[in-house]
Amino acid sequence: MVIVGAQWGDEGKGKITDLLSHSADLVVRYQGGVNAGHTVVVGERTFKLHLIPSGILYPKTRCVIATGTVIDPEVLIQELDCLEKLGVAAHNLFISQTAHVTMPYHRLIDLAEEDRRGKYRLGTTGRGIGPTYADKASRTGIRVLDLMDPVGLTEKLNWIIPYKNVLLEKIYGLAPLDPSPVIDRYLAYAERLRSHVCDAGVLLEEAICNRENILFEGAQGTLLDLDHGTYPYVTSSNPVAGGACVGAGVGPTMIDRVIGVAKAYTTRVGEGPFPTELTDAIGQHLGTKGAEFGTTTGRARRCGWFDAVIGRYAVRTNGLDCLAVTKLDVLDELAEIKVCVAYRLGDQVLKSFPSDSRILAQCEPIYETLPGWQSCTCDCQQLSDLPAAALAYLQFLARQMATPIAIVSLGAERGQTIIVEDPIHGPKRALLTDAFDHPLCP
Ligand code: IMP
């Protein structure tokens, strides 16, 4: 099963992955790097994870950081140390030897490039993600298996760092890096990580042969996808469900279902068009009540109404079987709630998401307004506990996307969740146009 973000990331995938990890044998992160951030709350303890899948909190679940990811060893080691301090053993963590490694020059170039872009900046997380993937594509990357080979790593970095220094000095006006201390530092990281490194393809093949339950966890979201997102305001990897096959090295026939995670409203971090953005008091309310600050950068997230055009695009691009709708409780106080059902572009009405960001920037949302429920939903345990207007809101979203809602999340705690139907074994979506016999998709 693949879990993907159905918006611009930060949909609450960490909590949903954590819930579903309970019945998973393996959780596999297939793309992205330390630009991602998951917050998982278990009782009194809060875990902030960037690279390690939240499945690590279950002692029997094996977690894999697969080939399609980019790994910043310094941050990964900090996460391991932090988990250890909180009493979580990480012997079940496996790192693909063919994943790429984020190096100090990647971070420097990411920040310098953003600076140089001025008003054309992308609003990256500054974690070196784009430059690491760029080196992967131009075949000058360092992989985990290079890190594990002291002689090879020394030789490689002794030609790559002087080459990067030309860029740092001549293009960006920065100080050059001295290869020696970088090599020493990364060799020390290698020793700390060595016991976790493996051929992840073999591990996954064995798990598939043993009919184990594998959860592929996407980072970021559909609209941040390098190919299918709001380019150029995207990340440099493929968060969409298809990315799981490439990033983990499993064939598409091995994926049995896909669940999309969407907030009950929309947020976005960084630059780029956002048709339903609210810059008024309601937007501020969503930001404050929803604690909409990035786990990785602490930046305030831009907030807006739910956009069903985006929702339908996510259903199509990922082939979603069902949805998990998170943070419904954030809407509790509102007197009325809007949902964008189409865009107005001049005298045209668009029901499909435009693949050109320049067009998206000109789109005006067409809203339907629904009544709010103005009561607390955070303790609701089943659909029948929800106020009628909250149920109607969920039904409206499901109908707009022609996709059933399997999970509703009403707070950060594991217990603040309504499981409408089992997302792992429940019915699968057949065709986009099929009608569903489902409590949230009448
Ligand atoms: P990068 O991935 O750091 O290169 O950033 C590219 C774009 O993706 C920026 O707009 C970031 O704010 C956004 N982004 C990257 N990771 C996340 C995430 O985990 N959640 C939300 N936005 C993200």
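**Q** I tried to follow the state of the cysteines on my own but got confused; where do I start?
**A** Disulfide: a covalent bond connecting the sulfur atoms of a pair of cysteines. Counted by the stated rule, this structure contains zero disulfides. No disulfide involves Cys380; its nearest neighbouring cysteine sulfur is the one of Cys376, lying 7.3 Å away.

**Q** Just to check I follow, could you spell out the nonpolar core for this structure?
**A** Nonpolar side chains in soluble globular proteins generally cluster together in the buried interior. If you look at the biggest cluster of nonpolar residues, it comprises 64 residues, and the most contacted ones within it are Val2, Phe216, Leu328, Leu331, Val339, Leu386 and Tyr393. Per-element tally for this core: the top contributor is helix α13 (residues 388-401), with eight residues. Residues in contact with Tyr393, not counting those within four places in the same chain, are Ala264, Phe306, Leu328, Leu331, Ile337, Val339, Leu370 and Trp373. Core analysis: the next-biggest nonpolar cluster, separate from the first, contains 58 residues, Phe47, Leu80, Met103 and Leu153 among them.

**Q** Teacher, can you tell me more about helix α8 (residues 200-209) here?
**A** Count 3.6 residues to each turn of an α-helix, and residues three or four apart come out pointing the same way. For α8, the set of buried residues is Ala200, Leu203, Leu204 and Ala207. Buried residues in α8, looked at end-on, bunch into an arc of 95°, giving them a common side. Exposed side of α8, more than 90 degrees from the buried face: Glu205 and Cys209 are the residues found there. Residues of α8 that are buried sit in contact with β2 (26-29), β5 (62-65), β7 (93-96), β9 (197-198), β10 (214-217) and α9 (242-248). If you check the start of α8, you find a side-chain oxygen 3.1 Å away from the backbone N of Gly201, and it comes from Asp199. The first or second residue beyond α8 is Arg211, which carries a positive phi of 55°.

What counts and how
Residues numbered from 1 in each chain as written. Predicted model: local features only at pLDDT ≥ 70, side-chain atom pairs only at ≥ 80, totals over all residues. Heavy atoms only, no water. Disulfide = S-S within 2.5 Å. Core = buried A, V, L, I, M, F, W, Y, C linked by side-chain atoms within 4.5 Å. Buried < 20%, exposed > 50% of the residue type's maximum accessible area, 1.4 Å probe, protein only. Helix = DSSP H or I, 4+ residues; strand = E, 2+ residues; numbered from the N terminus. Contact = heavy atoms within 4.5 Å. Arc of directions from axis to C-beta. Polar contact = N/O pair within 3.5 Å; in protein donor to acceptor, adjacent residues only side chain to side chain.

Coordinates in, geometry out; function isn't part of it.
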